[in-house]
Amino acid sequence: MKRVIFLFTTILLFTACNEKRIDDDMLTGSAMAPQISSLSKISGVTGDTVVISGQGLSQASSVIFGSNGAKIISQTDQAITVLSPSGTGSVFVKAFNNIYGSNELAFTYISSPRLAGTSLVNIQGRIFSIDTTAMYPVGPGTTYMQLTFNDTIASQPPLNVYFLVYDVNNPYLTFKPVLANDNILSKETVPAMAVRKSTGTATYFAGTNADMPATGYPAHWNTLGPNQGLVIDRQIISSPTPLKTTAQANTVIDAHIFFENSKKPFIDYALFSGWAKSGALFFPLDGVNRYRDAYQTNLITSSMPHTNQNNGGVDAYIDFLNGNSYGPNSMGQDINTKVTRLATQVTNSVLPANGMILTGHVYNFTVLTSLKVNDNVTVNVDVRPQRNYNRPFDQMIGGRHTILRDGIISDTNWVGNMARTAMGVSQDGNTAYMCVVDAGGTDTKTLAQIMQLYGSQFALNLGGGNESTVYVKGGGFNNTGLMNRPNGATTPTALVEGIFGVSSAPADANISNFTPTLSKIRMHVGESTDFVFYGLNQYGLVVNSALSGVAISGAANIGSLSGYTFTASTKGAADITATYGGKSSVIKGVVE
């Protein structure tokens, strides 16, 4: 109670400061200076939306919280909406119009969403207790975490949160996207992708779903390929949609995660460029393996075995000339081809065995029909990050909106409660995070703040709903790798794209360590839990999904053990100790 009274008194004191405080530099102020009268909230966390009310605010060019600039979302003469920047303690908020500064109002940072003196956290106004129910290695430089966020106030179901945390500097770790069955017109589950792509030298050991499928196209366009483009090994599988400046400024545009050297992830916007030329004829290309809209000419490659267009256009079949191909490392390279066939008013043209198709809309007839059989055609398609234009990358996936940037939660929020998937990066770029929230679902602001709580400073929202899937090789339901429960089920949903951590560690079936699959259990009197243990090799990979010979002891004050089964009998808390090969691990037991 004393702690609550102190916090309330502190806020009252700062409220009083807000009514009167004017800096010395405002004593020579002008009627042209902006004036602020109130803040929509006087305390909060980094990334909160704050509405500043006053007069003369339409000309304000910047707003500061202490010494840090805030991002302006919208403004009128009477109000400015901003996102609170990073900060600590109590600071003063001030608006500037390039010449004059306003009066100041106080804002107090809740230094952490963790509530002082408790184990509770404040996530977007909901107070949660957190149980870390699992945490163990699953591969080179990679840790799996499973958490339960229990709402302590509202009668709402808990949030099940799953993290894959990667040390991107591990020498055996890279990242790779996977296209369903290597075919844009196909779907495949995340576990099936990992199994299919793994080889003796590359194990796709942990990952999630990635971009959501493209939707909203005409009925004849039935592909469900990646919505925002896909690059694998410097080959454009599908191109991103055009970047719109207004949408980018409001952070509502679909963004991308790029992987430098298949390792270091960074979030940016993707820019596509493409062209084709034959003699004096030169024309732009609008996309790769995407729906061909009015006035557009697209390139169709082997990732899409037929054009899947309506019959309102013209197709130019082009075969590769000697030594040329469209494959890994072809992005940004000249590809020399020869026209072998021209067809008009065709539907669903099938790709040639040794080539590609240039497909043009009916309005572009004069472009492609200018070509003739046996004409040589050079094609070049490229993708670049917009803000890091010359930064090299090998892999790229798309997503739905940046939800966290420089530690600031985006004001763009998908408010519906649904399962969510996101990928994030630490401030220094050395740690990558894949996160899934299911069991009741959540909005994207809550997802962003959960990722921020565990170290992510940048994050991109990916596909969600039934598609949200977490995979760990050798683990999960019936050892299928399925760690979560998509839509409450034990069967993963087939989708268009996944993103994985890939191990290049040497094959090793020897058990070097072990882990319980649960690090904390909550039970009621009379309930039983069966413990499962994994055997891990020296690189952290699961090599035994049902380890035997583990000795278990403890917790006699709250229940009893029989083999690997614990039965709760008395309310309380105790540690259960598991030992194998001279190593021990503790499981926290709570009986309620």
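Rules used throughout
- Residues numbered from 1 in each chain as written.
- Predicted model: local features only at pLDDT ≥ 70, side-chain atom pairs only at ≥ 80, totals over all residues.
- Heavy atoms only, no water.
- Helix = DSSP H or I, 4+ residues; strand = E, 2+ residues; numbered from the N terminus.
- Buried < 20%, exposed > 50% of the residue type's maximum accessible area, 1.4 Å probe, protein only.
- Contact = heavy atoms within 4.5 Å.
- Areas by Shrake-Rupley, 256 points an atom, 1.4 Å probe, with all protein chains shown as cover.
- Pairing = 2+ DSSP bridges.
- Axes fitted to C-alpha atoms, helices over the stretch in contact; angles between N-to-C directions.
- Arc of directions from axis to C-beta.
- Polar contact = N/O pair within 3.5 Å; in protein donor to acceptor, adjacent residues only side chain to side chain.
- pLDDT = per-residue confidence, 0-100.
- Phe/Tyr/Trp six-rings, centres within 6.5 Å; stacked < 30°, edge-to-face > 60°.
- Lys NZ or Arg CZ within 6 Å of the ring centre and 35° of its normal.

(A) Layout of the overall build of the chain. If you tally the helices and strands in the chain, you get 5 helices and 45 strands. Buried positions account for 52% of the 592 residues belonging to the chain. Long-range pairs, those at least 24 residues apart, make up 66% of the contacts in the chain with a sequence separation of at least 6. Summed over all atoms, the accessible surface of the chain reaches about 24,600 Å², with 52% contributed by carbon and sulfur.

(B) Quick peek at the sheet that holds strand E39 (residues 533–536). Ordered by their spatial adjacency, 3 strands build an open sheet running E36-E39-E40, and the pairing between neighbours is antiparallel. On the outer flanks of this sheet lie strand E36 (513–516) and strand E40 (542–544), each paired with one strand and no other. Along the sheet, successive strands turn relative to each other by an average axial angle of 45°, direction set aside. In terms of strand pairing, E36 meets E39 through 4 bridges, oriented antiparallel. The residue of E39 that forms the bridge with Pro 516 is Phe 533.

(C) Structural view of the sheet that holds strand E4 (residues 62–65). Spatial ordering of the open sheet is given by E2-E9-E8-E4-E5, a layout of 5 strands whose pairing is mixed. With partners counted over all chains shown, the strands left at the sheet margins are strand E2 (43–44) and strand E5 (68–69), one partner each. The pairing of E2 with strand E9 (residues 105–109) spans 2 bridges and is parallel. In the strand pairing of E9, Gly 44 is matched with Tyr 109.

(D) Layout of the environment of Gly 549. Positionally, Gly 549 belongs in the loop between E40 and strand E41 (551–554). Separated by 16 residues in the primary sequence, Gly 549 and Phe 533 have C-alpha atoms spaced 9.8 Å apart.

(E) Quick look at helix H2 (residues 190–197). Those residues of H2 that fall on the buried side of the exposure criterion are Val 190, Pro 191, Met 193 and Ala 194. Across the axial projection of H2, the buried residues extend over an arc of 160°, all falling on one side. Among the structural elements, strand E14 (173–179), strand E15 (203–209), strand E34 (470–472) and strand E35 (497–503) are those in contact with the buried residues of H2. At the N-terminal boundary of H2, the capping side chain belongs to Thr 189, with an oxygen 3.2 Å from the backbone nitrogen of Ala 192.

(F) Structural detail: unusual backbone geometry. The phi dihedral of Gln 124 falls on the positive side, at around 50°, and the residue is not glycine. Mapping Gln 124 onto the fold places it in the loop between strand E10 (120–123) and strand E11 (126–139). A positive phi angle is found at Ser 262, which is not glycine, with a value near 60°. As for its placement among the helices and strands, Ser 262 is situated in the loop between strand E18 (256–260) and strand E19 (264–268). What makes Ser 262 buried here is its relative accessible area of 10%.

(G) Representation of the pairing of strand E45 (residues 583–591) within the structure. Summarising the sheet, strand E37 (residues 520–523) and E45 pair through 4 bridges and their orientation is parallel. Paired with Met 523 across the two strands is Val 591, which belongs to E45. Relative to E45, strand E44 (residues 572–580) is paired through 9 bridges, and the arrangement is antiparallel. Paired with Ile 576 across the strands is Ile 587, a residue of E45. Between E44 and the antiparallel strand that follows it, E45, lie 2 residues; Gly 581 among them carries a positive phi value of about 55°.

(H) A look at the confidence of the model for the chain. Here the chain shows a mean pLDDT of 87. Residues at 70 or above account for 89%. Below pLDDT 50 for its whole length, residues 245–251 participates in 16 contacts with residues either more than four positions away or in separate chains.

(I) Looking closely at helix H5 (residues 444–453). Here H5 lies mainly inside the structure; 10 of its 10 residues are buried. For H5, every residue scored as buried is listed here: Thr 444, Lys 445, Thr 446, Leu 447, Ala 448, Gln 449, Ile 450, Met 451, Gln 452 and Leu 453. The backbone nitrogen of Lys 445 has a side-chain oxygen 3.1 Å away, supplied by the residue at the start of H5, namely Asp 443. Gly 455 sits one or two residues past H5 and shows a positive phi near 115°.

(J) The arrangement of the packing of aromatic side chains in detail. In this structure the tally under the stated criterion is 17 aromatic pairs. Note on Phe 163 and Tyr 454: the rings are 5.3 Å apart at their centroids and 45° apart in plane angle, and the pair reads as tilted. Highlighted residues: Phe 163 in strand E13 (residues 159–167) and Tyr 454 in the loop between H5 and strand E33 (458–461), separated in sequence by 291 residues. Residue Phe 163 is classed as buried on the basis of its relative accessible area, which comes to 0%. Ring centres of Phe 258 and Phe 393 lie 4.9 Å apart, and the angle between their planes is 80°; this geometry places the pair in the edge-to-face category. In this pair, Phe 258 is assigned in strand E18 and Phe 393 in the loop between strand E27 (376–385) and strand E28 (395–398), connecting sequence segments 135 residues apart. For the pair Phe 258 and Phe 393, one class covers both residues: buried. Put simply, the rings of Phe 514, Phe 533, Tyr 564 and Tyr 580 pair up and form one aromatic cluster. Lying across the ring of Phe 266, Arg 391 places its NZ or CZ 3.9 Å from the centre.

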